[in-house]
Amino acid sequence: MACILAVAEQRENKLKKIAYEVVSEGKRLAEKLGLEMKCALIGGSVAGLADEIAQYGAKDLLIAEGKEFERYSVMPYTAALSEIVKKTDAKIILLGATAMGKDLGARLAARLKAGLVNDCTGIEVDNDNVGASGRSPLLLHPMYGGKVWSYLKGAGQNPIVITLRPNVFSKGERPLAPTKAAIEKIDVKLSDTDLRAKVLELIMAAEGAVDLTEANIIVSGGRGMKAPENFKMLEELASALGAAVGASRAAVDAGWKPHSFQVGLTGRTVSPTLYVACGISGAIQHLAGMSSSRYIVAINKDPDAPIFKVADYGIVGDVFEVVPLLIEEIKKVRG
Ligand code: FAD
């Protein structure tokens, strides 16, 4: 029977936050379409994660594990995932729109001759056009840097690969009674071509740093911060809020922050619950990376700055006066 396959992303044998979101949305979509949901887990030694992810609906788990999958590399992972798709006859394959998910999703779609919708921010069901194979999903997808939103759907009988924007789809409720996963281990035969690239080293972000794409709160600084040392103030605000720090391209181009901090069209796409923009004008390329944040707070001394058009709360003022006050008040509230 055709099914939905949710790919649970892990790193260093730990489930990423997006894994819960993808599996939870997979379960919701499977219920709406009347399909089964299965889950794929690929990694070095990941069977121990099975019962954890099963709590969110991934009861049927297909696992490819071994030394070759310890660190993500697109060729072996594509080989493993293609094998799992073949086994499950999956028609819809869901991954996170993370660096790994977008890389793997594109390669998988090419191999399966499947459709691909990247960075999907909403899924509805097309009840008006019910085909021989039942109803299909309608996929909400931002285009032209978020200026327009389009609905896309798969064409023909080929499978469709969908990557979901992190932090947009909610994690399901954990049931009171624990669920056990049914595990099927998949034997993947890797060719020399699959193994031609080897990951030699993984350089992790500094310990304690929150991953921008997974962060629930982000404090970002732009050219209005004036100098790199002034980001200390934003780091302090971020630490008071339990947030990650981001930056506009102007701040990155000036060498104040590395590119991994950049939010926007040519940086990271983020969707936190709270995005605090400090001294950022709100150019369309910046908005492309953060406008789907749930609440946007902007601090800018120019009342006509475009950022105020998308902000839920705007503070017209000097960041060097407003931010220290915010830090003080937040520290008071948080004790
Ligand atoms: P500015 O536009 O210079 O704005 C600084 C703001 O700070 C102003 O609004 C000013 O009023 C305010 N300010 C100054 N002093 C203070 C103060 N003391 N207190 C409060 N406010 C103050 N940009 C991105 O951010 N991300 C991208 O990924 C990205 N990709 C791009 C891709 C392309 C192809 C192109 C052409 C551009 C891209 N850009 C991107 C650049 C983008 O167009 C803007 O140039 C950039 O976002 C501006 O950054 P900024 O808002 O920090 O600086």
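To be clear, the structure that these remarks concern was listed above.
Keep in mind that this is a model prediction, so the values were computed, not measured. (Residues numbered from 1 in each chain as written. Predicted model: local features only at pLDDT ≥ 70, side-chain atom pairs only at ≥ 80, totals over all residues. Heavy atoms only, no water.)

Enquirer: How would you explain the nonpolar core if you had to name every residue and give the values?
Expert: The biggest cluster of nonpolar side chains holds 36 residues, and the ones touching the most others in it are Val-23, Ile-53 and Leu-61. A total of 8 residues in this core trace back to one element, the largest contributor, which is helix α1 (residues 17-33). When sequence neighbours within four positions are dropped, the list of residues in contact with Leu-61 reads Cys-39, Leu-41, Ala-50, Ile-53, Ala-181, Ala-182, Ile-183 and Glu-184. (Core = buried A, V, L, I, M, F, W, Y, C linked by side-chain atoms within 4.5 Å. Buried < 20%, exposed > 50% of the residue type's maximum accessible area, 1.4 Å probe, protein only. Helix = DSSP H or I, 4+ residues; strand = E, 2+ residues; numbered from the N terminus. Contact = heavy atoms within 4.5 Å.)

Enquirer: I'd like a description of the pairing of strand β10 (residues 148-152), backed by residues and values.
Expert: One ladder, built from 5 bridges, connects strand β9 (residues 134-143) with β10; its direction is antiparallel. Counted as the bridge partner of His-141 is Ser-150 from β10. (Pairing = 2+ DSSP bridges.)

Enquirer: Quick rundown of the side chain of His-141? Include the residues and the values.
Expert: Tracing the chain through its elements places His-141 in strand β9. For His-141, a relative accessible area of 17% translates into the label buried. In contact with His-141, other than residues within four places in its own chain, are Val-117, Asn-118, Asp-119, Val-148, Trp-149, Ser-150 and Leu-152.

Enquirer: Tell me about the pattern of salt bridges, and please be specific about residues and values.
Expert: Pairing between side chains becomes possible if they bear opposite charge and their charged atoms approach one another. Under the defined criterion, the tally for this structure stands at 17 salt bridges. Lys-153 serves as the salt-bridge partner of Asp-126, at 2.7 Å between the closest nitrogen and oxygen. With a gap of 27 residues between them, Asp-126 in strand β8 (residues 122-131) and Lys-153 in the loop between β10 and β11 (160-164) connect regions that are remote in the sequence. You can call Asp-126 buried: its relative accessible area is 4%. The class of Lys-153 is partly exposed, set by a relative accessible area of 37%. (Salt bridge = Lys/Arg side-chain N within 4 Å of Asp/Glu carboxyl O.)

Enquirer: Explain the sheet that holds β10 to me, using residue names and the numbers behind them.
Expert: In a beta sheet, neighbouring strands are held together by backbone hydrogen bonds and run either parallel or antiparallel to one another. If you trace the 3 strands from one edge of the open sheet to the other, you get β8-β9-β10, paired in antiparallel fashion. The sheet is open, and its two borders are formed by β8 and β10, each paired with just one other strand. Ignoring strand direction, the axes of neighbouring strands in this sheet form an average angle of 30°. α1 rests against β8 and β9 of the sheet, and its axis sits at about 20° to β8. (Axes fitted to C-alpha atoms, helices over the stretch in contact; angles between N-to-C directions.)

Enquirer: Could you give an account of a nonpolar patch on the surface, naming the residues involved and the relevant values?
Expert: Taken together, the side chains of Val-199, Leu-202 and Met-204 define a hydrophobic patch exposed on the protein surface, amounting to about 230 Å² of accessible area. Tracing the chain through its elements places Leu-202 in the loop between β12 (182-185) and β13 (217-221). Exposure remark for Leu-202: the relative accessible area of 35% places this residue in the partly exposed category. (Patch = residues over 30% accessible without salt bridge, like charges linked within 9 Å, V, L, I, M, F, W, Y side chains within 5 Å. Areas by Shrake-Rupley, 256 points an atom, 1.4 Å probe, with all protein chains shown as cover.)

Enquirer: Account for empty space enclosed by the protein, with residues named and values stated.
Expert: Overall, the coordinates contain 2 cavities of 30 Å³ or more when judged by the stated rule. Reported here for the largest cavity is a volume of approximately 40 Å³. Forming the walls of the largest cavity are Val-7, Ala-8, Glu-9, Gln-10, Ile-42, Tyr-77 and Met-100. Counted by class, the lining of the largest cavity contains 5 nonpolar, 1 polar and 1 charged residues. One number sums up the size of the second largest cavity: a volume of about 30 Å³. Looking at the second largest cavity, the residues that line it are Val-7, Glu-9, Ile-18, Ala-19, Val-22, Leu-95, Gly-96 and Met-100. Those elements giving two or more residues to the lining of the second largest cavity turn out to be α1 and β6 (90-96). Here the lining of the second largest cavity gets 3 residues from one element, more than from any other, and that element is α1. Broken down by class, the residue content of the lining of the second largest cavity amounts to 6 nonpolar, 1 polar and 1 charged. (1 Å grid on protein atoms, 1.4 Å probe; cavity = no way out; pocket = protein on both sides within 12 Å on 5 of 7 lines; lining within 4 Å. Points joined across faces, edges and corners; volume = space filled by probe spheres on them. Nonpolar A, V, L, I, M, F, W, Y, C, P; charged D, E, K, R; others polar.)

Enquirer: Pulling in residues and values, what's your account of the site of the ligand?
Expert: Around the ligand, the surrounding shell holds 26 residues, and the nearest of these are Arg-223, Lys-226, Ser-248, Thr-266 and Ser-281. Within the side chain of Ser-248, one N or O atom sits 2.6 Å away from an oxygen atom of the ligand. Between Lys-301 and the ligand, the recorded distance is 3.2 Å, taken from a backbone N or O atom to a nitrogen atom. Relative to its free-state accessible area of 980 Å², the ligand is covered by the protein chains to the extent of 76%. Listed by contribution, the elements that provide at least two residues to the shell around the ligand are α6 (249-253), α7 (284-290) and α9 (319-334). Per-class residue counts for the shell around the ligand are 7 nonpolar, 13 polar and 6 charged. (Near = heavy atom within 4 Å. Polar contact = N/O pair within 3.5 Å; in protein donor to acceptor, adjacent residues only side chain to side chain.)

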